[in-house]
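The lines below spell out each chain.
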Amino acid sequence: MHRTILHVDMDAFFAAIEQLDNPRYRGKPVIVGADPKGGTGRGVVATASYEARKYGVHSALPISQAYRRCPHGVYVRGRMQRYSEVSGQLMDVLREFTPIIQKISVDEAFLDVTKSLGLFGGIDALAKSVKDQIKNELHLTASVGVAPNKFLAKIASDLQKPDGLVMVQPGMEKVFLKDLAISKLWGVGKKTEAALSDIGIATIGQIAELSEQELGKKFGKWGHALWKLSNGIDNRPVEPWGPQKSISQERTFYEDTDDQELIEKTLLKLAESLTAMMRKGQLKGRTIALKVRFEDFSTFTRSKTFDDFIDSTQIIKGVAISLYRNFNKENKKVRLLGVGVSQLNTGEGEQLGLFEQESLTNIKLTKLLDSLSSKFGENVVKRASLLDDPK
Ligand code: TTP
Ligand code: MG
């Protein structure tokens with residue numbers, strides 16, 4: 001018995017919401033992100049409407065370049081609160097189709113609809129209905145991928161954007177993947193891509209032809225995962241939110257930075273707001289982790305595990321700074337920093353890796369923040385978000 005998994009991903013999410021809320025922006029190239037300041041602005045594009053993408057403007061492009069490519073575009077700052085609100089509405093719509101739903105970012109989720117198919121008259125009708133409901137209730141479009149597993153569903157949703165619908169029938173996994181570029185494989189970054197292209201490999205089908213042992217030898221544990229994925233095998237379940245497994249705080253700098261003072265100050269602030277939240281939620285954890293994303297988007301975590309459960313601001317600050325100093329000795333420019341705690345003293349059972357479930361953490365944090373804000377006022381507990389100014 002095979003599973004039926006949907007991956008739903010909204011189209012040009014932030015930009016589409018701007019066009020929804022400001023009818024005069026519709027049909028125009030809308031760019032959400034830093035202030036371009038007539039081409040001299042610093043920082044990056046969060047996202048661009050499909051009209052703007054025709055000019056080569058996309059997420060993470062420096063805003064100055066975006067301005068050069070599309071000077072007549074409509075440039076807007078982000079409104080995270082509004083985007084979170086729509087994100088919540090999206091999840092409400094999706095929950096009508098199945099309770100087995102895993103939100104993986106502000107605008108995307110996996111749904112396991114295996115057991116709902118009968119209710120909705122089969123997969124074609126269900127998938128159409130998901131798209132229609134999003135359109136009717138949110139007035140926005142989504143792209144949907146349908147497949148026997150998460151990996152394939154995620155690739156499928158991206159293939160016919162915007163307003164796409166791509167289905168991978170059971171049994172067609174390898175045919176579907178055969179000619180796709182290896183960059184579509186989860187976790188294949190520039191380095192793996194280069195290593196694979198060195199041995200003449202450009203498509204997923206070519207990886208699938210190698211033996212699992214061979215890949216294991218070349219890439220270790222990751223090689224085995226690579227083999228499985230390229231053969232269309234992915235048994236990971238869609239995991240609805242369970243009890244909280246980790247808590248973290250992170251911040252993206254508008255401008256990548258190698259300013260040690262700013263970096264360490266930011267880490268201290270993140271540790272402070274993290275521990276404030278832990279104490280309010282009566283949470284302690286055994287593993288303290290640092291997350292660092294560099295300019296090229298490569299992302300690393302470093303952690304330290306203690307025998308005891310900890311919530312001390314001093315300890316967490318100290319660990320965050322020492323992990324950072326040990327890790328970034330070359331002082332490479334940093335784009336994002338995060339500090340988190342896992343192995344929490346709540347719930348039991350399997351402990352998930354830190355940052356693996358950012359959405360889960362975010363939802364829990366949002367709830368916690370809401371309750372704190374109502375007690376202490378907004379500014380006391382402002383959360384680091386993608387669009388916040390780092391200062
Ligand atoms: P995505 O789903 O990656 O992008 P998108 O919805 O804008 O466009 P697409 O149609 O290709 O799915 O990300 C969702 C939102 O997250 C996006 O609207 C803005 C935000 N975001 C950033 O702020 N920075 C980034 O680098 C990326 C990739 C996304
Ligand atoms: Mg999207």
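See the structure above.
This structure is a prediction, so every number in the text was calculated from the model and none was measured.

Scoring rules and cut-offs
Residues numbered from 1 in each chain as written. Chains lettered and ligands numbered in written order. Predicted model: local features only at pLDDT ≥ 70, side-chain atom pairs only at ≥ 80, totals over all residues. Heavy atoms only, no water. Helix = DSSP H or I, 4+ residues; strand = E, 2+ residues; numbered from the N terminus. Buried < 20%, exposed > 50% of the residue type's maximum accessible area, 1.4 Å probe, protein only. Contact = heavy atoms within 4.5 Å. Polar contact = N/O pair within 3.5 Å; in protein donor to acceptor, adjacent residues only side chain to side chain. Phe/Tyr/Trp six-rings, centres within 6.5 Å; stacked < 30°, edge-to-face > 60°. Lys NZ or Arg CZ within 6 Å of the ring centre and 35° of its normal. Salt bridge = Lys/Arg side-chain N within 4 Å of Asp/Glu carboxyl O. Axes fitted to C-alpha atoms, helices over the stretch in contact; angles between N-to-C directions. Left-handed = near helix turned anticlockwise from the far one by under 90°. Nonpolar A, V, L, I, M, F, W, Y, C, P; charged D, E, K, R; others polar. Core = buried A, V, L, I, M, F, W, Y, C linked by side-chain atoms within 4.5 Å.

**Here's the deal with the environment of Glu 96**
(1) Moving on: Here Glu 96 lies in the loop between α4 (80-94) and β5 (101-105).
(2) Moving on: Judged by relative accessible area, which is 42%, Glu 96 ranks as partly exposed.
(3) Moving on: Each C-alpha atom, one on Glu 96 and one on Ser 116, is 10.0 Å from the other, the two residues being 20 residues apart in sequence.
(4) Moving on: Sequence-distant contacts of Glu 96, defined by excluding residues within four places in its chain, comprise Phe 120, Gln 133 and Glu 137.
(5) Moving on: Side-chain polar atoms of Glu 96 contact the side chain of Gln 133, separated by 3.1 Å.

**Quick look at the packing of aromatic side chains**
What characterises a pair of aromatic rings is the spacing of the ring centres plus the angle enclosed by the ring planes.
(1) Moving on: Considering all chains together, one arrives at 7 aromatic pairs under this definition.
(2) Moving on: Relative to Phe 14, the ring of Phe 13 lies with its centre 6.1 Å away and its plane at 50°, an arrangement referred to as tilted. With respect to burial, Phe 13 and Phe 14 carry one shared label: buried.
(3) Moving on: An aromatic cluster is defined as three or more aromatic residues linked by ring pairs; in this entry it consists of Phe 13, Phe 14 and Tyr 83.
(4) Moving on: Its guanidinium or amino end placed over the ring of Phe 294, Lys 332 lies 4.3 Å from that ring's centre, counting from NZ or CZ.

**Examining the side chain of Ser 143**
(1) Moving on: Inspection of the secondary structure assignment puts Ser 143 in strand β7 (residues 142-147).
(2) Moving on: A residue is classified by how much of its surface remains accessible, and Ser 143, at 0% relative accessible area, is buried.
(3) Moving on: When residues no more than four places from it in sequence are discounted, the contact partners of Ser 143 are His 7, Val 8, Asp 9, Asp 11, Ser 157, Lys 161, Pro 162, Asp 163 and Gly 164.

**Brief notes about the pattern of salt bridges**
(1) Moving on: On inspection of all chains with the given rule, the structure shows 19 salt bridges.
(2) Moving on: One salt bridge in this structure joins Glu 18 and Arg 79, with 3.0 Å as the shortest N-O distance. Of this pair, Glu 18 sits in helix α1 (residues 13-21) while Arg 79 sits in the loop between β4 (74-76) and α4, and the two are 61 residues apart along the sequence.
(3) Moving on: The buried category is assigned to Glu 18, whose relative accessible area is 3%.
(4) Moving on: For Glu 85, the salt bridge goes to Arg 82, with nearest N and O atoms at 2.9 Å.

**Here's the deal with the packing of helix α13 (residues 260-280) against helix α14 (residues 313-327)**
When two helices pack together, their arrangement is given by the angle between the helix axes and by the axis-to-axis distance.
(1) Moving on: Viewed as axis vectors pointing N to C, α13 and α14 meet at an angle of 145°, and their least axial separation amounts to 9 Å. Both α13 and α14 take part in a crossing whose hand is right-handed. Between α13 and α14, the residues in contact are Gln 260, Ile 263, Glu 264, Leu 267, Leu 268, Ala 271, Glu 272, Leu 274, Thr 275, Met 278 and Arg 279 and Thr 313, Ile 316, Lys 317, Ala 320, Ile 321, Tyr 324 and Arg 325, respectively.
(2) Moving on: Residues belonging to the contact of α13 with α14 are distributed by class as follows: 10 nonpolar, 3 polar and 5 charged.

**Regarding the nonpolar core**
(1) Moving on: Residues Leu 6, Leu 94, Leu 111, Val 130 and Ile 134 are the most contacted members of the largest nonpolar core, which totals 36 residues.
(2) Moving on: Among the elements of the structure, β1 (5-10), α1, β2 (30-33), β4, α4, β6 (108-112), α6 (123-138) and β7 are those that each provide at least two residues to this core.
(3) Moving on: If we skip the residues at most four places from it in the chain, Leu 94 touches Val 8, Ile 101, Ala 109, Leu 111, Val 130 and Ile 134.

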